[in-house]
Amino acid sequence: AKRAGGSSYAFFEAHMNAGVREQIALQRELRLALERGELALHYQPKVSAGRQRMTGVEALVRWQHPTRGLLGPAVFIPVAERFGLISAVGHWVIEQACRQIASWQRQDLHLRVAVNLSVHQLRQEDFVRRVAATIAREGIDAAQLTFEITESVAMEDAEGTLKAFEALSDIGVQLSIDDFGTGYSSLSYLRQLQVGELKIDRSFVQDLESSADARAIVEAVIRLAHALGLQVVAEGVETAAQQDVLTRLQCDDLQGYLFAKPMPAEHVAAWAEDTRRR
Ligand code: C2E
Ligand code: CA
Ligand code: CA
Ligand code: CA
């Protein structure tokens, strides 16, 4: 028994070291990636439930790694958060998104772009000032930029979130609660937050066809949001059946592989044109 315990400990230690070593290597490469321009934003359309017109896009960060290929945010955002790089990465994402809004504007494509925020960004002293400066520099309308913050982050630090949201709302950007339904926000807290939108978490959308409970929850969330004057977006819509239920329940916007996967910026205009013609 003793021997078995010893070897499983050795295994645990070796395993952990490998994980930590890998993260350390990755964070070193991530610093360089920023300088070398290896990060890119892909954009996933949101469409109106009724007519399936594009109402905006969500920016999702990617890393074109020189040897590992295209990496998703789940691989490197946690590393950026852990090693103090999230501020730099997050700021690059906001700058890139604002630049893209301006560029689409010049092509007469007036698109709202949603950007995901990490909790560390909201806590930064000069975050709101930097956002305002970026918006001014790119000459865009602040209302074209939306920040998505997950419900769990908004709950974790309610006081701080409330303050940050107030300041962001004051400069005119839109705010959205992501992964809604997975946390425990209270009604009164939701009312205080200056958000314009709730995004129903994919887990509920996935269960819509099989679970009456999921349907009841989604219906209640949509009613609640509308009663508070908020828009509702469902994420992760993959089937026509899910689309049907969500449309019947009066969900405003839909997003998911059924309509489009995240795509490079240069494909977005053509996609918008296609959906206009449908
Ligand atoms: P999220 O904000 O909940 O984004 C939705 C994720 O679901 C995206 O994964 C998207 O590609 C994926 N998705 C969209 N439609 C479907 C669908 O129909 N089915 C399925 N199975 N998946 C779908 P992605 O791009 O890998 O992003 C994962 C998470 O990484 C995001 O979750 C977000 O929390 C985070 N993230 C992405 N970009 C950024 C960023 O710039 N900054 C920060 N802090 N986090 C980011
Ligand atoms: Ca999101
Ligand atoms: Ca989400
Ligand atoms: Ca989600």
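As shown above, the structure is provided for reference.
Residues numbered from 1 in each chain as written. Chains lettered and ligands numbered in written order. Predicted model: local features only at pLDDT ≥ 70, side-chain atom pairs only at ≥ 80, totals over all residues. Heavy atoms only, no water.

S.K.: For this particular structure, what's the right way to read the overall build of the chain?
M.R.: Scanning the chain from terminus to terminus reveals twelve helices and ten strands. A compact globule built from 278 residues should have a C-alpha radius of gyration of about 19 Å, and the chain, at 20 Å, falls within 12% of that. Overall, the C-alpha framework of the chain stretches about 65 × 50 × 40 Å when taken along its three principal axes. Within the span of the chain, comprising 278 residues, buried residues form 45% of the whole. The averaged location of the 36 negative side-chain charges in the chain is 4 Å from the averaged location of its 30 positive side-chain charges. (Helix = DSSP H or I, 4+ residues; strand = E, 2+ residues; numbered from the N terminus. Rg over C-alpha atoms; globule rule 2.2 N^0.38 Å. Buried < 20%, exposed > 50% of the residue type's maximum accessible area, 1.4 Å probe, protein only. Lys, Arg positive; Asp, Glu negative; His and termini not counted. Charge placed at Lys NZ, Arg CZ, Asp CG, Glu CD.)

S.K.: Can you walk me through the coordination of the calcium ion (ligand 3) in this structure?
M.R.: Geometrically, a metal with four donors at the corners of a regular tetrahedron has ideal angles of 109.5 degrees, and one with six donors at the corners of a regular octahedron has ideal angles of 90 or 180 degrees. The protein atoms that coordinate the calcium ion (ligand 3) are Asp 178 (OD), Asp 179 (OD), Glu 235 (OE) and Glu 235 (OE), at distances of 2.0 to 2.9 Å. Going along the chain, you hit the donors of the calcium ion (ligand 3) in the pattern D-D-x55-E. A separation of 3.8 Å is found between the calcium ion (ligand 3) and the calcium ion (ligand 2), which share Asp 178 as a coordinating residue. Here Asp 179 is found in strand β6 (residues 174-180), whereas its partner Glu 235 is found in the loop between β8 (231-234) and α11 (240-248), with 56 residues between them in sequence. The partly exposed category is assigned to Asp 179, whose relative accessible area is 22%. (Donors = N, O, S within 2.8 Å, 3.2 Å for Na, K, Ca; no water.)

S.K.: Got a minute to help me understand the site of ligand 1 in this structure?
M.R.: Taken together, 20 residues sit near ligand 1, with Gln 44, Arg 62, Asn 116, Glu 238 and Tyr 257 positioned nearest. Here a nitrogen atom of ligand 1 and a side-chain polar atom of Gln 44 are 3.0 Å apart. Val 61 places a polar main-chain atom, nitrogen or oxygen, 3.3 Å from a nitrogen atom of ligand 1. Starting from 800 Å² of accessible surface for ligand 1 in isolation, the protein chains cover 80%. With four residues, strand β2 (residues 54-65) is the single largest residue contributor to the shell around ligand 1. (Near = heavy atom within 4 Å. Polar contact = N/O pair within 3.5 Å; in protein donor to acceptor, adjacent residues only side chain to side chain. Areas by Shrake-Rupley, 256 points an atom, 1.4 Å probe, with all protein chains shown as cover.)

S.K.: How should I be thinking about the pairing of β2 in this particular structure?
M.R.: Remember that side chains alternate between the two faces of the sheet whenever the strand is regular. Burial analysis of β2 places ten of its twelve residues in the buried class, which makes it a mostly covered element. Strand direction decides the pairing type here: strand β1 (residues 39-48) and β2, joined by nine bridges, are antiparallel. Bridge pairing links Leu 41 to Val 61 in β2. As consecutive antiparallel partners, β1 and β2 are separated by five residues, and within that stretch Gln 52 has a phi angle of approximately 60 degrees, a positive value. Pairing geometry for β2 and strand β4 (residues 113-116), over three bridges, is parallel. Each bridged residue has a counterpart across the sheet, and for Ala 59 the counterpart in β4 is Val 115. (Pairing = 2+ DSSP bridges.)

S.K.: Honestly, helix α3 (residues 86-106) in this entry has me stumped. Any pointers?
M.R.: Think of an α-helix as turning once every 3.6 residues; residues three or four places apart then point the same way. The end-to-end C-alpha distance of α3, which contains 21 residues, comes to 30 Å, matching closely the 30 Å that a straight helix rising 1.5 Å per residue would cover. At the C-terminal side of α3, Asp 108 shows a positive phi close to 65 degrees. (Expected span 1.5 Å × (residues − 1).)

S.K.: Any chance you could explain the packing of α3 against helix α5 (residues 127-138) here in plain terms?
M.R.: For the pair α3 and α5, interaxial distance at closest approach is 9 Å and the crossing angle is 25 degrees. Between α3 and α5, the interaxial angle falls into the category roughly parallel. With respect to the hand of their crossing, α3 and α5 are arranged in right-handed fashion. Of α5, the residues touching α3 (which contributes Ser 87, His 91, Ile 94, Glu 95, Cys 98, Arg 99 and Ala 102) are Phe 127, Arg 130, Val 131, Thr 134, Ile 135, Arg 137 and Glu 138. In terms of residue class, the contact of α3 with α5 is made up of six nonpolar, three polar and five charged. (Axes fitted to C-alpha atoms, helices over the stretch in contact; angles between N-to-C directions. Parallel < 35°, antiparallel > 145°, perpendicular 65-115°, else oblique. Left-handed = near helix turned anticlockwise from the far one by under 90°. Contact = heavy atoms within 4.5 Å. Nonpolar A, V, L, I, M, F, W, Y, C, P; charged D, E, K, R; others polar.)

By themselves, these are just geometric observations and shouldn't be taken as functional.
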